[in-house]
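Residue-level structural notes
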Amino acid sequence: MHFLRELWDNVREFVTTVGAVALFFGRVLAQLPRALMRPSLVVEQVHNTGALSLVIIMTCGLFVGMVLGLTGYDLLQRFGSEEALGTAGALAVIKELGPVVTALLFAGRAGTALASEIGLMRATDQLTAMEMMAVDPMRRVIAPRFVGGIIAMPLLTMIFISIGIFGVQLVGVQQFKVDAASFWSQMRSSVGLDDIMEGVIKGCVFGVACSLIAVYEGYNAAPTAEGVGRATTRTVVISAVLTLILDYLLTAIML
Amino acid sequence: MSSNAASRKPEPQAAQDSIVEVRDVHYSIGGRAIFSGLSLQIQRGRITAIMGPSGTGKTTLLRLITGQVKPDSGQVLFDGIDVSNLSTSELYTLRRRMGMLFQNGALLTDEDVFENVAFPLREHSDLPEALIRNIVLTKLQAVGLRGAARLMPAELSGGMARRVALARAMATDPEVLIYDEPFTGLDPISMGMIVRLVRQMNFALGITSIVVSHDVEELSILADASYIIAGGKVAASGSFVELKDHDSEIVHQFVNGLADGPVAFHYPAPDYYEDLLAG
């Protein structure tokens, strides 16, 4: 009985949270037009979430590509088809690793920064002060950060993918001397626009999910040090799990 | 003021010279009653002190007046308009007539002093930059911090942060300035500055000031009228002299700062010796 009651409580809490996030999402969407009328605020947030994440995205993209080059070459040379490394590496990075790893890194770098920043603004009465100055924090703080996130995330995904393919090439062509012409020509003939669109769409969807989770958790953080810490942790955990679930669903739909 | 908020008619029988009126308000948080029949009036153009022991709901009263929370029953009227019945946009319109000074200043930490004071002007007006600059410098001059315009909030002392917050609260020339614990944690010099500023603002600008605090000495200098809240109601009201001679035990304990009285030194607990032996 105790187990069933606990299960019921958890299910109820989950449904309540999903409802609260949906309502919050609706409030953010309602403020989007007014937020977009202040482009300077959005550009500032694209810089904060996007430009400041560039180094980590590029570094990880390079190493993920290089590891993919190593394992891909090891696998393909067993079948004597090393030339297919370009195609295999590009498809893996464009369709899966690029969007997913970028989303995980985005949640860890930009998502936590957003959640803790907004949570601290809550804890130090800055959001309440805005409300008292008749300024809606949803419009002034939340919506620009959300828009900044959903603009930055697909761009970061594209950068990750580009650097990742460069990493595959670095190991395959430069280190293992796979024929460069075959590497690039096979990639060009096998990777279509629909593959690239799949990566872009995933980047956009993950951008919405990760940005929404970050601003929601920050806005609803308990106004204490522990509350802000918990909001930051929840941002990373929920974003990571949600990214992987959404990745499965999107892959299944677009297969 | 928006047409909706402007078209709302003042409640009948609202006292003509009171800008804020709290009528028989009941309010509880998590089953604990904070107010049980609280009624008071804030007179226009005067400095009114709201005092009381810690935990009696002084800040909650401010949250009720500013519409941050709604009473379980009763009315909170601002210039005759029932605050708890307003929509969000009407409430925001009404709040443009108020300024609030938070206990910690609540400055925007990623903006400098100038931008903090300019914030409400930029959000609510399309004034040219030169005019915004002049208004901000005027407000900062009034609080003595024009020279600190380019400092960041982290570089300010507690007293300076509160003076900047006061300049920001005045930026849009509100009718009512609300001060939440403005003296807490300040050294005597900063405290003296804040007392002088509150008095000057009230006199020079003709605004109404509501000061929530438990600093009896400062409020005795400052306030035209005072309320002491205890037990969810107004325990006493009047001038400071009247409060000093009040026959209520809790008012006597509070005004004279006595450790013993109706507010006990010890939080309710089981018998001390039994508690020790139980371990």
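The written sequence of each chain sets the order in which its residues are numbered from 1. Chain letters start at A and ligand numbers start at 1, both assigned in the order the entries are written. This being a predicted model, a pLDDT of at least 70 is required before a residue's local features are given, and a value of 80 or more before pairs of side-chain atoms are given or counted; all residues contribute to the totals for chains, interfaces and linings.

So, on to the overall build of chain B. What counts as a helix is a DSSP run of H or I of at least four residues, what counts as a strand is a run of E of at least two, and both are numbered from the N terminus. If you tally the helices and strands in chain B, you get eleven helices and ten strands. Taken over the C-alpha trace, chain B has a radius of gyration of 20 Å; the compact-globule value for 279 residues is 19 Å, and the two agree within 12%. C-alpha extents for chain B along the principal axes are approximately 70 × 45 × 40 Å. Each residue gets a C-beta atom placed from its backbone, and two residues are in contact if those atoms lie within 7 Å. Sequence-distant contacts, at least 24 apart, represent 65% of the contacts inside chain B between residues at least 6 apart. Radius of gyration here is computed from C-alpha atoms only, and the compact-globule reference equals 2.2 Å multiplied by the residue count raised to the power 0.38.

Moving on: the environment of Pro154 of chain A. Residues and elements named next belong to chain A. In this fold, Pro154 is placed in helix H6 (residues 137–175). In this structure the C-alpha to C-alpha distance between Pro154 and Val93, which are 61 residues apart in sequence, comes to 14 Å. For Pro154, the residues in contact, after removing those within four places along its chain, are Val200, Gly203, Cys204 and Gly207.

Residues and elements named next belong to chain B. In the contact formed by helix H4 (residues 113–124) and helix H5 (residues 129–142), the axes pass within 9 Å of each other and the chain directions differ by 125°. Here H5 runs oblique to H4, going by the angle between their axes. For the pair H4 and H5, the sense of crossing is right-handed. Contacts from Phe114, Val117, Ala118, Leu121 and Arg122 in H4 reach Ile132, Ile135, Val136, Lys139 and Leu140 in H5. Lys, Arg, Asp and Glu make up the charged group, whereas Ala, Val, Leu, Ile, Met, Phe, Trp, Tyr, Cys and Pro make up the nonpolar group; the residues left over, Gly among them, are polar. Residue composition of the contact of H4 with H5, grouped by class: eight nonpolar, no polar and two charged. Axes, fitted as lines to C-alpha atoms, cover a helix only where it is in contact. Angles between the N-to-C directions of the axes lie from 0 to 180 degrees. If an angle is under 35 degrees, it is roughly parallel; if it is over 145, roughly antiparallel; if it lies from 65 to 115, roughly perpendicular; otherwise it is oblique. Crossings are assigned a handedness: left-handed for a near helix turned anticlockwise from the far helix by less than a right angle, right-handed for a clockwise turn.

In this section: the interface of chain B and chain A. Tallying the contact residues gives 13 residues for chain B and ten residues for chain A. Elements with a minimum of two residues in the side of chain B that touches chain A: helix H3 (88–95) and H4 of chain B. The element best represented in the side of chain B that touches chain A is H4 of chain B, accounting for four residues.

A few words now on the sheet that holds strand E1 (residues 18–29) of chain B. All names here are of chain B. Judged by pairing direction, the sheet is antiparallel, and its four strands sit side by side in the order E2-E1-E4-E5 without closing on themselves. Edge positions in the sheet fall to strand E2 (32–43) and strand E5 (81–82), since each of these pairs with one other strand and no more. Here helix H2 (residues 58–65) sits on the sheet in contact with E1, E2 and strand E4 (73–78), set at roughly 115° to E1. When DSSP finds two or more bridges between a pair of strands, those strands are recorded as paired.

Residues and elements named next belong to chain B. A residue's pLDDT is the confidence the predictor assigns to it, expressed on a 0 to 100 scale. Here chain B averages 84 in pLDDT, while 94% of its residues score no lower than 70. In the model of chain B, helix H1 (residues 3–7) stands out as the element of lowest mean pLDDT, 46, in contrast to H4, which has the highest, 94. The ipTM assigned to the predicted complex is 0.80, against a pTM of 0.84.

Looking now at the sheet that holds strand E6 (residues 98–101) of chain B. Residue and element names in this part refer to chain B. As summarised here, the arrangement of the six strands in space is E6-E7-E8-E3-E9-E10, forming an open sheet in which the pairing is mixed. Because the sheet does not close on itself, it has two edges, and the strands there are E6 and strand E10 (233–238). If you compare each strand with its neighbour and ignore which way they point, the axes differ by 15° on average. Judged from the four bridges that link them, strand E3 (residues 47–51) and strand E9 (residues 225–230) form a sheet pairing that is parallel. Bridging across to E9, Met51 finds its partner in Ile228.

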